[in-house]
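Listed below, chain by chain, are the residues.
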Amino acid sequence: MKKILVLCTGNSCRSQIAEGYLKHFAGSRAEIYSAGVEAHGVNPQAIETMKEDGIDISTQTSNNVDEYRDIDFDFVITVCDNAKERCPFFPSTAKKFHQNFPDPAKATGTEQEIKNQFRQIRNQIKDYCRKFVAENL
């Protein structure tokens, strides 16, 4: 079984959303982990936005990448430029992938505009995860 780590800055939105979709699309073909170079907690708006698409990430946890140093990952996906630049060295043969997504936690505007920005980014991450699983698992 393949092991996939999704990395972001705070492990609160983008990496949590990606973890949810990768679990959904990969099923039993992979173990999915997400972490941040910091751990900020799972963003409630990310949970709500995923729930709208039928994916429950409410039991996922926000973890620091250091917690996973002893796991031999097959794939490491960074979902923001900051995490790619600050990503610690993993002494493994993991294939590294990078896709920078805008940070929905920085969305501004009315409540509806913020929700729409979360949905837009969620959909971008969903498409990426679907394609990643199809091409790599």
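Rules behind the numbers
- Residues numbered from 1 in each chain as written.
- Predicted model: local features only at pLDDT ≥ 70, side-chain atom pairs only at ≥ 80, totals over all residues.
- Heavy atoms only, no water.
- Helix = DSSP H or I, 4+ residues; strand = E, 2+ residues; numbered from the N terminus.
- Buried < 20%, exposed > 50% of the residue type's maximum accessible area, 1.4 Å probe, protein only.
- Core = buried A, V, L, I, M, F, W, Y, C linked by side-chain atoms within 4.5 Å.
- Pairing = 2+ DSSP bridges.
- Axes fitted to C-alpha atoms, helices over the stretch in contact; angles between N-to-C directions.
- Contact = heavy atoms within 4.5 Å.
- pLDDT = per-residue confidence, 0-100.

What follows covers the side chain of Arg 122. The topology assignment puts Arg 122 in helix H4 (residues 111–136). Judged by its relative accessible area of 8%, Arg 122 falls in the buried class.

Next up on the list: the nonpolar core. Ranked by size, the top nonpolar core spans 29 residues in total, and within it Ile 4, Tyr 21, Leu 22, Ile 77, Ile 125, Cys 129 and Phe 132 carry the most contacts. Within the residue set of this core, elements represented by two or more residues are strand S1 (2–8), helix H1 (14–26), strand S2 (30–36), helix H2 (44–52), strand S3 (75–78) and H4. At 7 residues, H4 tops the list of elements feeding residues into this core.

Across a sheet, strands are paired by hydrogen bonds formed along the backbone, either parallel or antiparallel in direction. Spatially, 4 strands are ordered S2-S1-S3-S4 in an open sheet, and the strand pairing comes out parallel. The outermost strands of the open sheet, each flanked by one partner alone, are S2 and strand S4 (95–98). Geometrically, the sheet is characterised by an average inter-axis angle of 20° between neighbouring strands, direction not taken into account. As paired elements, S1 and S2 share 7 bridges and run parallel to each other. Residue pairing across strands places Ile 4 opposite Ile 32, the latter belonging to S2. Contacting S1, S3 and S4, H4 crosses the sheet at an angle of about 160° to S3.

Unlike most non-glycine residues, Asn 11 shows phi in positive territory, near 50°. As for its placement among the helices and strands, Asn 11 is situated in the loop between S1 and H1. Using a relative accessible area of 0% as the deciding quantity, one classes Asn 11 as buried.

Before going further, it helps to spend a moment on the pairing of S3. Burial along S3 is two-sided: Phe 75 and Ile 77 and Val 76 and Thr 78, pointing in opposite directions, are all buried. The sheet contact formed by S1 and S3 spans 4 bridges and is parallel. In the strand pairing of S3, Val 6 is matched with Ile 77. As judged from the 4 bridges shared by S3 and S4, these two strands associate in the parallel manner. Of the residues in S4, the one forming a bridge with Val 76 is Lys 96.

Moving on to the environment of Leu 5. With respect to the helices, strands and loops of the structure, Leu 5 is situated in strand S1. Placed 112 residues apart in sequence, Leu 5 and Gln 117 show a C-alpha to C-alpha distance of 25 Å.

Across the chain, pLDDT averages 92, with 93% of residues at or above 70. Confidence scores differ between elements of the chain, with helix H3 (residues 81–86) showing the lowest mean pLDDT of 66 and H1 the highest of 98.

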